Amino acid sequence: MNNDNIETNEVKGGEELIPVSQQPVVLDANTLSKNQRKKLEKIKRLRENRVEKRKEEKLKKKARLAARRAAGEDVPPPKRWKKMEESQCKVQVVVDMSFDHLMSEKDLAKALHQLQFCYAVNRRADNPLQFHISSLTGRCADEMERKAGNGYSNWDAHAHAQHYGQLFGKESIVYLSSDSPNVLDELRDDKVYVIGGLVDHNQHKGVCQRLAEDAGVDHAQLPLGEFLQDMKTRKVLAINHVFEILLRFVETGDWREAFYRVIPPRKLPPSTANGDELNVESDETKTQNAGAELSETSSGINLVDARKLGLDDMTICKSEDGCKD
């Protein structure tokens with residue numbers, strides 16, 4: 001695509017130019033169709049009733065458990081998820097959310113959905129990664145607050161307004177990029193692995209590697225080429241897929257198993273897309289099988305009762321496939 005033909009407007013207070021197509025869209029109620037207004041009103045009602053609905057569901061769940069106990073059933077105690085500070089895993093992973101100026105409103109929403117899935121999978125891990133979110137400011141923070149309410153402030157994660165470069169020493173940082181010539185072969189406790197929180201459909205190819213080089217920090221790609229030479233699509237994965245691959249590698253010590261557990265079957269080579277080679281079911285398939293726990297609105301915004309997934313006071317959206325540099 002020829003970038004010279006992209007119409008741009010100057011960002012107020014800065015010199016960076018952003019394509020008009022990627023600037024935030026402000027919805028005007030007067031220009032929305034009847035169906036669009038109904039969808040927005042429905043979403044508003046869901047958000048307003050969310051707290052009360054959760055209280056009601058909690059009471060109903062307690063009543064069901066009490067009835068089962070009264071009937072003589074053996075009801076196991078709820079599982080207690082391990083917090084990061086209790087985890088034996090000390091590998092640090094950062095999702096860099098400094099790309100909101102490069103994303104449209106829709107792509108920013110997708111990036112935040114994927115960020116929520118990073119938290120969800122880490123929350124349920126036997127030994128969670130040390131999870132950091134950097135540059136959580138501006139549009140990104142505003143949209144997170146709008147979608148997840150105050151719930152994300154209760155996450156067992158380190159949320160920072162600062163850039164990751166202000167939080168960690170330059171010598172410890174490894175920025176993950178599919179364009180890097182370096183291949184990651186291990187995860188070390190003394191390193192900090194940074195995932196670019198960008199959904200851009202490959203419009204900004206190589207941006208993560210360039211940022212790493214400009215900052216003078218190490219960069220590397222996952223060893224996909226070594227284990228999945230015949231992937232059906234380019235080796236660019238969603239934010240939550242990269243995060244979960246790191247988590248699964250920590251758990252198993254096996255890159256191949258980590259890839260086959262996380263990468264969607266549609267992206268895998270035809271001969272191994274069914275997972276038979278490792279006799280593992282991909283976690284995406286498990287999520288689809290548990291689809292009754294996810295409720296998708298017709299507007300494309302997915303809402304879920306977080307307690308069904310064992311999460312605390314948050315709204316999580318079903319991840320949409322997006323591209324991450």
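Residues numbered from 1 in each chain as written. Predicted model: local features only at pLDDT ≥ 70, side-chain atom pairs only at ≥ 80, totals over all residues. Heavy atoms only, no water.

Attention now goes to the overall build of the protein. Along its length, the protein carries nine helices and ten strands. Residues classed as buried in the protein amount to 45% of the 325 residues present. A separation of at least 24 residues holds for 73% of the contacts in the protein among residues at least 6 apart in sequence. Element-wise, carbon and sulfur atoms account for 47% of the exposed surface of the protein, whose accessible area totals about 17400 Å². (Helix = DSSP H or I, 4+ residues; strand = E, 2+ residues; numbered from the N terminus. Buried < 20%, exposed > 50% of the residue type's maximum accessible area, 1.4 Å probe, protein only. Contact = heavy atoms within 4.5 Å. Areas by Shrake-Rupley, 256 points an atom, 1.4 Å probe, with all protein chains shown as cover.)

Another point: the sheet that holds strand β7 (residues 192-196). The six strands are arranged β5-β4-β3-β7-β6-β8 in an open sheet whose pairing can be described as parallel. The outermost strands of the open sheet, each flanked by one partner alone, are β5 (158-159) and β8 (218-220). Relative to β8, strand β6 (residues 173-176) runs parallel, the two being bridged by three bridges. The residue of β8 that forms the bridge with Tyr-175 is His-219. Of the strands in this sheet, β3 (92-96) and β4 (130-134) are in contact with helix α2 (residues 105-123), which crosses β4 at around 165°. The sheet contacts of helix α7 (residues 239-252) involve β3, β4, β6 and β7, and relative to β7 the element is tilted by about 160°. (Pairing = 2+ DSSP bridges. Axes fitted to C-alpha atoms, helices over the stretch in contact; angles between N-to-C directions.)

For β3, the tally of buried residues reaches four of five residues, placing the bulk of the element in the interior. Relative to β4, β3 runs parallel, the two being bridged by five bridges. Among the inter-strand pairings, Val-93 is bridged to a residue of β4, identified as Phe-131. For the crossover from β3 across α2 to β4, the handedness is right-handed. In terms of strand pairing, β3 meets β7 through five bridges, oriented parallel. Across the sheet, residue Gln-92 finds its bridge partner in β7, namely Val-192. (Right-handed = clockwise from strand over helix to strand, strands pointing away.)

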